[in-house]
Amino acid sequence: MTHVSPARKQSEKALYGGTGSRRITVRDIAAAKERAERWPMLTAYDAMTASVLDQAGIPVLLVGDSMGNCHLGYESTVPVTMDEMALLSAAVVRGTRRALVVGDLPFGSYQEGPVQALRNATRLVKEAGVGAVKLEGGERSAHQIELLVQSGIPVMAHIGLTPQSVNAYGGYPVQGRGEEAAQQLLRDAKAVQDAGAFAVVLELVPAELAAEVTRSLHIATVGIGAGPDCDAQVLVWTDMAGMTDGRVPRFVKQYAQLRQGLGDAARAFAEDVVGGSYPAEEHSFH
């Protein structure tokens, strides 16, 4: 019998860099929390991009309603519809083999109550094939989370800055500053955990508060603008890869400049066409 060392077993189980080929599940997320493993998450909105990120080993892909801003041309996430979410979520699922795909519930798809949330979450699971859904709100969304989890649908919660509430916030301010706001964020975190969420996104939260939340929860925390002590970190892929035009949020680190590279490629193609050097003989049929 071949002996497998504990260190190798741990390596095989790792969310990022692991050797397993099956799809990541929420049980894997829970196990990573227990062994204090940090892991990355990115957004994805189409099959081709999702395939690249999946092959790069990203263990969790979020089909975020951020598609509204970076893919559909909306000024915020608010206009995103369930039809759009279902269509793009299905594409991401088709483009992946290993990643856990999480689909966002867009604004207006769960605020009426648990029954509405279940109807729309069920649609993402049945039509798109996502492995989990995400919804915004802490205590105010606890009943929705509870029903979804009881119905067999894993839920990732989202507290702190909740972009679907941009009209109420009047912008995108940091959340949880001050004692009262910090205590409310802690209550929200405990509420979604108690309701059964397997993870919670902390967006635009002071780093010290995010660290306190992470220590106090037994479920994974996913930071975005929430400091270095969360269990995981997520970025919008177009921000991360330098596709976004103009300013990006302070918390974003750009790991490439794909917008410039794509523009350069398009201009080179156009110049070849105008100059008559494309298509050349090797690109032609006879």
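- Per an unreviewed UniProt entry, the protein goes by 3-methyl-2-oxobutanoate hydroxymethyltransferase and derives from Streptomyces rhizosphaericus.
- In the Subunit (unreviewed entry) part of its UniProt record, the protein is described as follows: "Homodecamer; pentamer of dimers."
- UniProt, in its Function (unreviewed entry) section for the protein, records the words "Catalyzes the reversible reaction in which hydroxymethyl group from 5,10-methylenetetrahydrofolate is transferred onto alpha-ketoisovalerate to form ketopantoate."

## Things to note about the side chain of Asp65
Next, step 1: Relative to the assigned elements, Asp65 resides in the loop between β2 (60-63) and α4 (67-70).
Next, step 2: For Asp65, which is buried and forms no salt bridge, the nearest opposite charge comes from Lys134, at a distance of 5.3 Å.
Next, step 3: Not counting the four nearest positions on each side in its chain, Asp65 is found in contact with Thr77, Val80, Met85, Asp104, Pro106, Glu136 and Gln164.

## Brief notes about the packing of aromatic side chains
Next, step 1: One pass over the full model with this rule turns up 1 aromatic pair.
Next, step 2: Ring centres 6.0 Å apart and planes at 65 degrees place the aromatic pair Phe269 and Tyr278 in the edge-to-face group.

## Looking at the UniProt feature "active site" (unreviewed entry) in the protein
Next, step 1: Within the UniProt annotation, "active site" (unreviewed entry) is assigned to Glu203.
Next, step 2: In this fold, Glu203 is placed in strand β6 (residues 199-203).
Next, step 3: Residue classification places Glu203 among the buried positions, given a relative accessible area of 11%.
Next, step 4: Glu203 has contacts with His158, Ile159, Gly160, Leu161, Pro163 and Ile224, leaving out every residue within four places of it along the chain.

## Details of the pairing of strand β5 (residues 155-160)
Next, step 1: Among the 6 residues of β5, 6 are classified as buried, and the element is accordingly described as predominantly covered.
Next, step 2: Residues Val155, Ala157 and Ile159 line one face of β5 and the alternating positions Met156, His158 and Gly160 line the opposite face, and both faces are buried.
Next, step 3: Bridge count between strand β4 (residues 132-136) and β5: 4 bridges; the pairing is parallel. In the sheet register, Lys134 faces β5, and the bridge partner there is Met156.
Next, step 4: Traced from β4 through helix α7 (residues 142-150) to β5, the parallel crossover comes out right-handed.
Next, step 5: Across 5 bridges, β5 lies against β6 in parallel orientation. Along β6, the bridge assignment pairs Met156 with Ala199.

## Looking at the packing of α7 against helix α9 (residues 179-195)
Next, step 1: Running from N to C, α7 and α9 cross one another at 25 degrees; their axes reach a closest spacing of 8 Å. Relative to α9, α7 is oriented roughly parallel. Crossing geometry of α7 relative to α9 is assigned as right-handed. Residues Ala142, Ile145, Glu146 and Val149 of α7 form the contact with α9, whose own contacting residues are Ala191, Val192 and Ala195.
Next, step 2: Among the residues making up the contact of α7 with α9, the classes are represented as 6 nonpolar, no polar and 1 charged.

## As for the side chain of His158
Next, step 1: As for its position among the elements, His158 is in strand β5.
Next, step 2: Apart from residues lying up to four places away in sequence, His158 is in contact with Lys134, Leu135, Glu136, Gly137, Pro163, Val200, Val201 and Glu203.

## Some points on unusual backbone geometry
Next, step 1: Geometrically, the link from Tyr278 to Pro279 is a cis peptide bond, its omega value of 0 degrees lying close to zero.
Next, step 2: The residue Pro279 is located in the segment after α12 (258-275) in this model.
Next, step 3: In the Ramachandran plot, Ala36 falls in the positive-phi region, its phi being about 60 degrees despite a non-glycine side chain.
Next, step 4: Turning to its location among the elements, Ala36 is positioned in the loop between α2 (26-34) and β1 (39-43).
Next, step 5: Using a relative accessible area of 63% as the deciding quantity, one classes Ala36 as exposed.
Next, step 6: In this model, Leu204 sits at a positive phi of 50 degrees, which is unusual for a non-glycine residue.
Next, step 7: Examined against the element boundaries, Leu204 turns out to sit in the loop between β6 and α10 (207-216).

Each value, and the rule that gives it
Residues numbered from 1 in each chain as written. Predicted model: local features only at pLDDT ≥ 70, side-chain atom pairs only at ≥ 80, totals over all residues. Heavy atoms only, no water. UniProt positions renumbered as here; feature names shortened; annotations may be inferred. Helix = DSSP H or I, 4+ residues; strand = E, 2+ residues; numbered from the N terminus. Buried < 20%, exposed > 50% of the residue type's maximum accessible area, 1.4 Å probe, protein only. Lys, Arg positive; Asp, Glu negative; His and termini not counted. Salt bridge = Lys/Arg side-chain N within 4 Å of Asp/Glu carboxyl O. Contact = heavy atoms within 4.5 Å. Phe/Tyr/Trp six-rings, centres within 6.5 Å; stacked < 30°, edge-to-face > 60°. Pairing = 2+ DSSP bridges. Right-handed = clockwise from strand over helix to strand, strands pointing away. Axes fitted to C-alpha atoms, helices over the stretch in contact; angles between N-to-C directions. Parallel < 35°, antiparallel > 145°, perpendicular 65-115°, else oblique. Left-handed = near helix turned anticlockwise from the far one by under 90°. Nonpolar A, V, L, I, M, F, W, Y, C, P; charged D, E, K, R; others polar.

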